[in-house]
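An overview of the molecular structure
Okay, here's what each chain looks like letter by letter:
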Amino acid sequence: MRASQAKIKADPIDRQTQNQLHDYLKSHHINGVMLVNGKGSKSITITNRETTNKREIVSANQLFPIASLQKILTGTAIYQLKQQKQLTWDTSLYRYFPQVDGSDDITIRELMNHTSGLINNDRPPFPLKGEKQQIAYMLKHLRNDHVHTWDYQDVDYEMLAAIISKQTHSSYNVYIHKAFTKPLHLHQIKDFSEVKQKEVPQPMGFAADWHRVTVTTFSDFGAGNLFMSPNNYWKFVYSDVLSNPKMIPAFYQQTKNQEVAYFGGVYFDGDIIRANGSIPGYNCCFVANYKTKRMIMLFSNNIDYLTLKSASDDILHNYMD
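As the structure is a prediction and not an experimental result, all values here were calculated from the model.

**Thoughts on the sheet that holds strand β2 (residues 43-48)**
- Strand order across the open sheet formed by seven strands is β2-β1-β12-β11-β10-β9-β8, with antiparallel pairing between neighbours. Every interior strand has two partners, whereas the edge strands, β2 and β8 (262-263), have only one.
- Along the sheet, helix α1 (residues 15-27) contacts β1 (32-37), β2 and β12 (295-300); its crossing angle with β2, the most-contacted strand, is approximately 35°.
- The strands that helix α10 (residues 305-319) touches are β1, β9 (266-269), β10 (272-279), β11 (282-289) and β12; relative to β10, the one it contacts most, it runs at about 160°.

**What to know about the pairing of β1**
- Most of β1 is tucked away, with six of its six residues classed as buried.
- Here six bridges tie β1 to β2, and the two strands are oriented antiparallel to one another. Looking at β2, one finds that L35 is bridged to T45.
- Hairpin connection, β1 to β2: the antiparallel pair is bridged by five residues, and G40 has positive phi, about 60°.
- Judged from the five bridges that link them, β1 and β12 form a sheet pairing that is antiparallel. Each residue of the ladder has a partner; that of G32, found in β12, is S300.

**Structural notes on the layout of surface pockets**
- Empty space within the largest pocket amounts to approximately 320 Å³.
- Along its surface, the largest pocket is lined by 19 residues, and S68, Y152, N276, S278 and Y305 are the ones closest to its centre.
- The element best represented in the lining of the largest pocket is β10, accounting for five residues.
- Considered class by class, the residues forming the lining of the largest pocket number nine nonpolar, seven polar and three charged.

**A closer look at α10**
- Between its terminal C-alpha atoms α10 stretches 20 Å, which fits the 21 Å expected from 15 residues at 1.5 Å a residue.
- Turning to α10, its buried residues are L308, A311, S312, I315, L316 and Y319. Each buried residue of α10 lies within a common arc of 135° when the element is viewed along its axis, so the set occupies one face. The exposed set on the far side of α10, more than 90 degrees from its buried face, consists of L306 and H317.
- Taken together, the buried residues of α10 touch α1, β1, β9, β10, β11 and β12.

**Examining the environment of Y137**
- Along the chain, Y137 turns up in helix α4 (residues 130-141).
- Y137 sits 26 residues away from I163 along the chain, and the two C-alpha atoms are 15 Å apart.
- Those residues in contact with Y137 that lie beyond four places of it in its chain are D122, R123, P124 and L128.
- A polar contact is formed between the side chain of Y137 and the backbone oxygen of R123, at a distance of 3.3 Å.

How each quantity is defined
Residues numbered from 1 in each chain as written. Predicted model: local features only at pLDDT ≥ 70, side-chain atom pairs only at ≥ 80, totals over all residues. Heavy atoms only, no water. Pairing = 2+ DSSP bridges. Helix = DSSP H or I, 4+ residues; strand = E, 2+ residues; numbered from the N terminus. Contact = heavy atoms within 4.5 Å. Axes fitted to C-alpha atoms, helices over the stretch in contact; angles between N-to-C directions. Buried < 20%, exposed > 50% of the residue type's maximum accessible area, 1.4 Å probe, protein only. 1 Å grid on protein atoms, 1.4 Å probe; cavity = no way out; pocket = protein on both sides within 12 Å on 5 of 7 lines; lining within 4 Å. Points joined across faces, edges and corners; volume = space filled by probe spheres on them. Nonpolar A, V, L, I, M, F, W, Y, C, P; charged D, E, K, R; others polar. Expected span 1.5 Å × (residues − 1). Arc of directions from axis to C-beta. Polar contact = N/O pair within 3.5 Å; in protein donor to acceptor, adjacent residues only side chain to side chain.

Purely spatial values, then, with no claim about function.
This is the structure:
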């Protein structure tokens, strides 16, 4: 991609397509918002409401648990440290956490593309307090199967977040604030420990109580502990991902010869990058053409993961031409 690529701005999505997307939300009974390209870097919000309960209405300016959509923030932070020559794709996990079984045979690259062999599907029975507890819990409960094949595991990005913390001698959240929140003026981003229940749309028709949401987000340090408004997430992806002329091509290079075309928090499909985020009661995704910057995001609190995947595929095949 040429350096001038960063200056390209996507064409606004036309009114007909906006109406089609609204009809899609309505016909599939999806309660939530879609964000699409407006003028320049701005987004346009398409809203569909399947509820009259104000506590369940999803707003583009309200905090939302972004779940695995956070992985691209972590991946972008790692890329920044690489550009600053603080680490490389081949840097060993042993440099940071020698106590991890087989850490001398795991690289940053393998954490970024989920081929590390690390596994951790354990959930704490109660919310963890702070980064030190989060890292300690992860280190205690992870295991290594020593098989370096594709296996989508949150622990890879939890480990990357812990590496960011060690390498920068600060907390992961502090680094995210310094690298993204402050420069982009993101005022609607919080670690779960700072979030009050009333700040988040409540899930519709799911047995997903606040305790379960708490435990899930706290244990997904670096891979789902952040809450952002859809508008702020749009601003991050548009400004720090799609507008970076080198990062996405560098990520794409790392997917070659891989079983699954994934690196740094996103899947690749030609010129398309995409990602899904899911925790009980909340689902979100984005699909973007990294050359034209055309992008569609979806945030919903009344669909399950299979419906999210189907919606993401429909967006890709029907609305990204």
